[in-house]
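Notes for the structure review
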Amino acid sequence: MGHPAKKKNQSNLLTVGYSAEKKHAPDQEALFQAFQSNLLSLISHELRTPLTGIINSLSILDEVEDKNSKESKELFEIAKKNAHRLKHSLSVLLDLAQIEGGVFHARLREVVLSRLVKKQADELEKELKEKSHYINITDKQADPANFEPLLADPKKLSRMIDLCLYLTQIWKDKKEKVSVDVSSNKLKVSFFVKKRDIDDWNKTWIEAFVGSQSKMFSAKNAFSCVFQSEKSFLTRSKEGLGSELMLIHELAKLHQAKFLHHLDNNKVTLEIVFPLLETHDQLKQVLLSRAFDCTSGLHSVALVLIPVPEKVEIDDFKKQVRAYLFRSSDIVYSLKQSNQVAIVLEDCKQDQVDLVMKRVQKEMGYCFHYAKAHCPDDESLPENLYESALKKI
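Residues numbered from 1 in each chain as written. Predicted model: local features only at pLDDT ≥ 70, side-chain atom pairs only at ≥ 80, totals over all residues. Heavy atoms only, no water.

1. Side note on the confidence of the model for the protein
- Residues of the protein with pLDDT of at least 70 account for 73%, and the chain-wide mean is 77.
- Within the protein, strand S7 (residues 267–273) carries the highest mean pLDDT (96), whereas helix H6 (residues 230–235) carries the lowest (47).
- Confidence drops under a pLDDT of 50 for residues 1–25, and excluding neighbours within four residues, the segment shows 48 contacts in the predicted structure.
- Per-residue pLDDT stays below 50 along residues 227–235; that stretch engages in 26 contacts with residues further than four places along the chain or on separate chains. (pLDDT = per-residue confidence, 0-100. Helix = DSSP H or I, 4+ residues; strand = E, 2+ residues; numbered from the N terminus. Contact = heavy atoms within 4.5 Å.)

Below, the structure is given as structure tokens:
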């Protein structure tokens, strides 16, 4: 990296705010002044422009005598579109402010990815008033055998999905539909860009990826992800703050997920891969996420640990156990480190655990060893259930 260009050369600044001419440390004051000027330009354009569009459309609409005319409906759609654009820009700025303020955290709990994807897609299509769905969703979790939650913050995960779908709205060829493939821990969003936009898309992705790996993007200068040159800002081909991809990278980091990109001719695929729930620490986080209800006396939770029988594959054993649990809140996890299967039974009394396990063994046709721990009967804190059950095996 080189030094930041001086004020008179601001129009030649790179996206991260550096010129590549010299190799000494950046002048922090000049960098801050250039960034401050750029941020004001961004806010002025991305907030004031859609707001002006809303006000003007509503003002003209107010003067139209026939409120049901074609002209009135067009004005209403313009106002609505700009309102959603304004809402998006404000959300991005609030996300950046949270990162810079050091309060961009995830409150992890069990989440079913496919449910959130469908919810966000439905909301987007409702906003756009699409008569026919332009988002095609393939849900691999529709089969109960593939049902498995992941550990995520529901709000942050919804935000990540929303940003991915928003990008398709900006970049996709209007004639094409969006394809979404979702499984227990993977989300793929595919769309076609116009061939003339391929270079711009590639540049946008590379800048976001490099920026997410750079020290330039940190809790102290989160707004650097929207830092552009005056020339780049005025000549950009798409609306938005230009930080959507950067934010998805940051949201992925919160969840220890991978955010990947594939380009095949003019087909773009954005892929987010979340870690599978299969470690002891992740199981503790699952139990911890249920702590409030248990410690408040509202519910109870039981953990059953089962050593996988010899000559049986852990994934096959897990599927067999899951098939004979009838409540959707009862979840089975594979603990591959210790070759165990863990069952989390919510709102289950101590004496009911053995009845559940007796039924499961009867349906499977053979008996197996297991150990149980219950909150609040055995442990006051759900996150201690694993150690408590482990001692009984």
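2. Quick notes on the sheet that holds strand S5 (residues 186–192)
- If you trace the 5 strands from one edge of the open sheet to the other, you get S2-S4-S5-S7-S6, paired in mixed fashion. In this open sheet, the two strands that pair with only one neighbour each are strand S2 (135–139) and strand S6 (258–264). For this sheet the average axis-to-axis angle between neighbouring strands, irrespective of direction, equals 15°.
- Bridge analysis of strand S4 (residues 178–182) against S5 gives 4 bridges, and the strand direction is antiparallel. (Pairing = 2+ DSSP bridges. Axes fitted to C-alpha atoms, helices over the stretch in contact; angles between N-to-C directions.)

3. Things to note about the environment of arginine 107
- Checked against the element boundaries, arginine 107 lands in the loop between helix H2 (70–100) and strand S1 (109–111).
- Taking the C-alpha atoms as reference points, arginine 107 and proline 154, 47 residues apart in sequence, are found 8.1 Å from one another.
- In contact with arginine 107, other than residues within four places in its own chain, are Ala152, Asp153 and Pro154.

4. Some details on the pattern of salt bridges
- Across all of its chains, the model carries 10 salt bridges by this definition.
- For glutamate 278, the salt bridge identified is with lysine 336, shortest N-O distance 3.9 Å. One end of the pair, glutamate 278, is in the loop between S7 and helix H8 (280–289); the other, lysine 336, is in the loop between strand S9 (331–335) and strand S10 (340–346), and 58 residues separate them in sequence.
- You can call lysine 336 partly exposed: its relative accessible area is 42%.
- Through salt bridges with shared partners, a single network forms among Asp95, Arg159 and Asp162. (Salt bridge = Lys/Arg side-chain N within 4 Å of Asp/Glu carboxyl O. Buried < 20%, exposed > 50% of the residue type's maximum accessible area, 1.4 Å probe, protein only.)

5. Some points on the sheet that holds strand S11 (residues 371–375)
- An order of S9-S10-S8-S11 is seen for the 4 strands of this open sheet, with the pairing classed as antiparallel. Because the sheet does not close on itself, it has two edges, and the strands there are S9 and S11. Taken pair by pair, the neighbouring strands of this sheet meet at an average axis angle of 20°, ignoring direction.

6. Structural notes on helix H11 (residues 350–364)
- Here H11 is 15 residues long and its end C-alpha atoms lie 22 Å apart, about the 21 Å a rise of 1.5 Å per residue gives.
- Along H11, the residues that are buried comprise Val353, Val356, Met357, Val360, Gln361 and Met364. Seen along its axis, H11 keeps its buried residues to an arc of 130°; they face one direction. Opposite its buried face, H11 presents the exposed residues Asp351, Leu355, Lys358 and Lys362, each directed more than 90 degrees away. (Expected span 1.5 Å × (residues − 1). Arc of directions from axis to C-beta.)

7. Topic: unusual backbone geometry
- In the segment running from cysteine 375 into proline 376, the intervening peptide bond is cis, with an omega of 20°.
- Along the polypeptide, proline 376 turns up in the loop between S11 and helix H12 (385–390).
- The phi dihedral of glutamine 256 is positive, around 55°, even though this residue is not glycine.
- Summarising the element assignment, glutamine 256 is placed in the loop between helix H7 (244–254) and S6.
- Look at glutamine 256 and you get exposed, because its relative accessible area is 66%.
- Residue asparagine 265 is not a glycine yet carries a positive backbone phi of 55°.
- By secondary structure assignment, the location of asparagine 265 is in the loop between S6 and S7.
- What makes asparagine 265 exposed here is its relative accessible area of 63%.

8. Regarding the nonpolar core
- In this structure, Leu113, Leu157, Leu187 and Ile272 are the most contacted members of the largest nonpolar core, which totals 46 residues.
- When residues in this core are grouped by element, the largest group, 10 residues, is from helix H4 (residues 154–171).
- Ignoring any residue separated from it by four or fewer positions in sequence, one finds leucine 187 in contact with Leu113, Val117, Ile161, Val180, Asp181, Val182, Leu270, Glu271 and Ile272.
- Among the nonpolar cores identified, the runner-up in size contains 19 residues, and Ile343, Val353, Val360 and Met364 belong to it. (Core = buried A, V, L, I, M, F, W, Y, C linked by side-chain atoms within 4.5 Å.)

9. Things to note about the packing of helix H5 (residues 198–213) against H7
- Where H5 contacts H7, the two axes come as close as 8 Å, and the packing angle between them is 40°. Comparing their axes, H7 and H5 come out oblique. H5 and H7 meet at a crossing whose hand is right-handed. Note on element contacts: H7 touches H5 through Leu245, Met246, His249, Glu250 and Lys253, opposite Trp201, Thr204, Trp205, Glu207, Ala208, Phe209, Gly211 and Ser212. (Parallel < 35°, antiparallel > 145°, perpendicular 65-115°, else oblique. Left-handed = near helix turned anticlockwise from the far one by under 90°.)

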